[in-house]
Every structure is written in structure tokens, then in C-alpha cells.
Amino acid sequence: MTATPDHGRAPGPHRNDLLTIGQLAHRSGLAASALRYYESLGLIHATRTSGGQRRYTRGTLRRIAFVRAAQRVGLSLDEARVALDRLPERPAPSGNEWDLVAASWQSRIDEQIAELERLKAKLSGCIGCGCLSLSRCSLYNAADRAGEAGPGARYLLTPGTDTAPAPDPGR
């Protein structure tokens, strides 16, 4: 008889392989209520004991880490679920499988970087004048021209750095 890496155990999760919601909360750093919410959205999955208690495989920790990484790059929980749906349900997707899903985030990250660069350029100009108010700024928003275009920070977050009105020549 040859030894097997799983010491001869039958395939599939075993009692010791499963985590309670409290253990998963502790290991993941999320509140149990957040885990129940993630489960209701289909981000993670639990089995139930005969008493109705949730049990999670250790692979759930990877799924949670994936969701948190998705949120950090600006994906919604729904977008994270769609990405996770592309991965197999077995406990640990391969490195290539994770890489394919992460690569799909690349354009989203690039867009966020570009948006932050635009914000940085415009915010520097606004801070440079000192008033910090686009509603009262006589340099970039004389006579509240931005207000005519609609609510919100019309020039600060508008794509393209050349869309802000020209400074008032009378200043």
C-alpha cells in the first residue's frame, strides 16, 4: 500500500476542513454579518449542519480575499461575483485561473489611474488659487458658469484637463 498526500482519506471536505462562521470571520477579518451578506449575494457558499449552522470550506478564505481585492480596485460586489463565477467551485483555483480573472481587471485599474491623474491635475490648480470653492471661484467659475451645466463638481471630475473654463481675464 502506498501513502497518499491526504493520508488515505476519502475525497471531499471533512469535518476538520470546514470552518464555522465565527472561525471564518476571525480568519478573514470580516464580521459574521458581512459573511452572511456575501453568501446572500452568491459570493461565498456554505453547507449546513443538521442543526442549520453554516460551515465553509477553507477555500472560502481565498474567495473572500478575491472579493476584497476586487473592491480595492473599484469593482462592485456584483462585478466580483461575476468574476468569481468564472472560477471553478473546487477549493483552490489554479494560479492561471486566478491570473485570467485578475487580468480582466487591468482596464478597470487603468481607467481609475487615469481618473486619479485628472483629479490630481485639476485639484492642484484649484488649491493653487486658494478659495477651494468652484461655486464662488472667480477665476475658474466666474458668475457660476458651472452651475448652468448642472449639479455637482462639473469641472473637477470632468475627463480631460482642457474642459475647465478659461480664467476670467478681468482678474
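Residues numbered from 1 in each chain as written. Predicted model: local features only at pLDDT ≥ 70, side-chain atom pairs only at ≥ 80, totals over all residues. Heavy atoms only, no water.

Visitor: Lay out the overall build of the protein chain in plain terms, naming residues and giving numbers.
Guide: If you tally the helices and strands in the protein chain, you get 7 helices and 3 strands. Overall, the protein chain shows an N-to-C arrangement of helices and strands of β-α-α-β-β-α-α-α-α-α. By residue count, 24% of the 171 residues in the protein chain fall in the buried class. Here the contacts in the protein chain between residues at least 6 apart in sequence split such that 54% fall between residues at least 24 apart. Working note: accessible area of the protein chain is about 11,200 Å², and carbon and sulfur atoms make up 55% of it. (Helix = DSSP H or I, 4+ residues; strand = E, 2+ residues; numbered from the N terminus. Buried < 20%, exposed > 50% of the residue type's maximum accessible area, 1.4 Å probe, protein only. Contact = heavy atoms within 4.5 Å. Areas by Shrake-Rupley, 256 points an atom, 1.4 Å probe, with all protein chains shown as cover.)

Visitor: Requested: an account of the packing of aromatic side chains, with residues and values cited.
Guide: All told, the structure shown has 1 aromatic pair when counted by the stated rule. Taking the centre distance of 5.1 Å and the plane angle of 50° together, the rings of Phe-66 and Trp-105 count as tilted. On the criterion of sequence distance, the pair formed by Phe-66 in helix 3 (residues 59–72) and Trp-105 in the loop between helix 5 (95–103) and helix 6 (106–129) is long-range, its members being 39 residues apart. The two residues Phe-66 and Trp-105 agree in class, both being buried. (Phe/Tyr/Trp six-rings, centres within 6.5 Å; stacked < 30°, edge-to-face > 60°.)

Visitor: Explain the sheet that holds strand 2 (residues 47–48) residue by residue, including any values.
Guide: Pairing between sheet strands relies on hydrogen bonds along the backbone, with the strands arranged either parallel or antiparallel. Read from one edge of the open sheet, 3 strands run 1-3-2, paired in antiparallel fashion. Pairing within the sheet leaves two strands with one partner each, and these edge strands are strand 1 (18–19) and strand 2. Alignment of strand 2 against strand 3 (residues 54–57), held across 2 bridges, turns out to be antiparallel. Of the residues in strand 3, the one forming a bridge with Arg-48 is Arg-54. (Pairing = 2+ DSSP bridges.)

Visitor: Lay out the environment of Arg-68 with the relevant residues and their values.
Guide: Structurally, the position occupied by Arg-68 is in helix 3. Taking the relative accessible area as the measure of exposure, Arg-68 reaches 36% and is therefore partly exposed.

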